[in-house]
Amino acid sequence: MHDLGAGFGYLLQGQRWVARHGRQYGFGLLPGLITLVLYAGALVALAVWGADFVGWATPFADDWSSPWGGLFRGFLTAVLFALALLLAVVTFTAVTLLIGQPFYEALSETVDRDVSPDGSAPVSELPLWRELWISARDSLRVVLRALLWGVLLFALGFIPFLGQTVVPVIGLFVTGFFLTEELTSVALQRRTVDARSRLALLRSRRTLVWGFGTPLAVSFLVPFVAVFLMPGAVAGATLMARDLLGEETKDENDREGPGASPRSH
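Here the structure is a predicted model, which is why all the values come from computation and not from measurement.

(A) Structural view of the pattern of salt bridges. Using the criterion set out here, one finds nine salt bridges in the structure. Its salt-bridge partner being Arg-205, residue Asp-3 comes within 2.8 Å of it at the nearest N-O pair. Here the residue Asp-3 occupies a position in helix H1 (residues 2-20), and Arg-205 occupies one in the loop between helix H7 (195-203) and helix H8 (206-220), the gap between them amounting to 202 residues. By relative accessible area, Asp-3 is classed as buried at 18%. Of the charged contacts in the structure, one is a salt bridge between Arg-190 and Glu-105, with a shortest N-O distance of 3.6 Å. Of this pair, Arg-190 sits in helix H6 (residues 166-190) while Glu-105 sits in helix H4 (residues 101-115), and the two are 85 residues apart along the sequence. For Arg-190, a relative accessible area of 3% translates into the label buried.

Quick look at the structure:
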């Protein structure tokens, strides 16, 4: 239970950090806004033309008697939109991090320097194109695993009672884990921790990861909230990455900037 509270604490500390560093917060908003516009456009297009697509993809239902053809296609349209929403939630962080790689890299580096006792921060020596390639490759792996979980949980959702109570809760914990994996990758990649090692590191502290990622997953369900929380989430994930690697971190009241909390970790 201690790790669960500590994970949530890192999420709050990250939001407080960006609140004290307005310029970093402003730059950190840009990738999320770009991703939001792209996703909103795709979902609107699906809402407008989704039924037409389902009708085109199911020509065998043209000769079904009424109302079965309409009910079948309506059900498929709803499933298609639900899967699109799930995909949007699961991939939003990955796509935003990919678009905002230079922004979040700089943000995470600034956090490291601010909280490090000697003011230093690990710096990646890879060229930008190489970092983008690694980020895209690792994000694709995370998204594919998340989609497999998503399909499984979607199917389990049809189980009476459990599908409407237990399964959604499990889904939030699963989503929280994958969100944390994506967010911590910004700091851990600079430390040359590969994807497999990152996954093993997070699995070794699951309750810490859930404490950080699950509340974030819940908040990301609210439209537009993800955009405004992303910079603080990257900052908090950087702080948590330091904890996972056992790196020394200054107390909050010793850091730069006004409004620091006296709470330490």
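Having seen the structure, we can now continue with the description.
(B) Up close: the environment of Leu-4. Checked against the element boundaries, Leu-4 lands in helix H1. Distance from Leu-4 to Leu-208, taken between C-alpha atoms, is 4.9 Å for residues 204 residues apart in sequence. With sequence-adjacent residues up to four places away left out, Leu-4 is seen in contact with Thr-207, Trp-210 and Gly-211.

(C) View of a nonpolar patch on the surface. Judged by side-chain polarity, Trp-149, Leu-152, Leu-156, Ile-159, Phe-161, Leu-162, Val-166 and Ile-170 come together as a nonpolar surface patch covering roughly 700 Å² of accessible area. Of all elements in the fold, only helix H5 (128-156) and H6 reach the threshold of two or more residues within the nonpolar patch. Of the residues forming the nonpolar patch, the biggest block, three residues, is contributed by H5. Inspection of the secondary structure puts Leu-162 in the loop between H5 and H6.

Here is what the cut-offs are and how they apply
- Residues numbered from 1 in each chain as written.
- Predicted model: local features only at pLDDT ≥ 70, side-chain atom pairs only at ≥ 80, totals over all residues.
- Heavy atoms only, no water.
- Salt bridge = Lys/Arg side-chain N within 4 Å of Asp/Glu carboxyl O.
- Helix = DSSP H or I, 4+ residues; strand = E, 2+ residues; numbered from the N terminus.
- Buried < 20%, exposed > 50% of the residue type's maximum accessible area, 1.4 Å probe, protein only.
- Contact = heavy atoms within 4.5 Å.
- Patch = residues over 30% accessible without salt bridge, like charges linked within 9 Å, V, L, I, M, F, W, Y side chains within 5 Å.
- Areas by Shrake-Rupley, 256 points an atom, 1.4 Å probe, with all protein chains shown as cover.

Any functional reading would require information that these geometric values do not contain.
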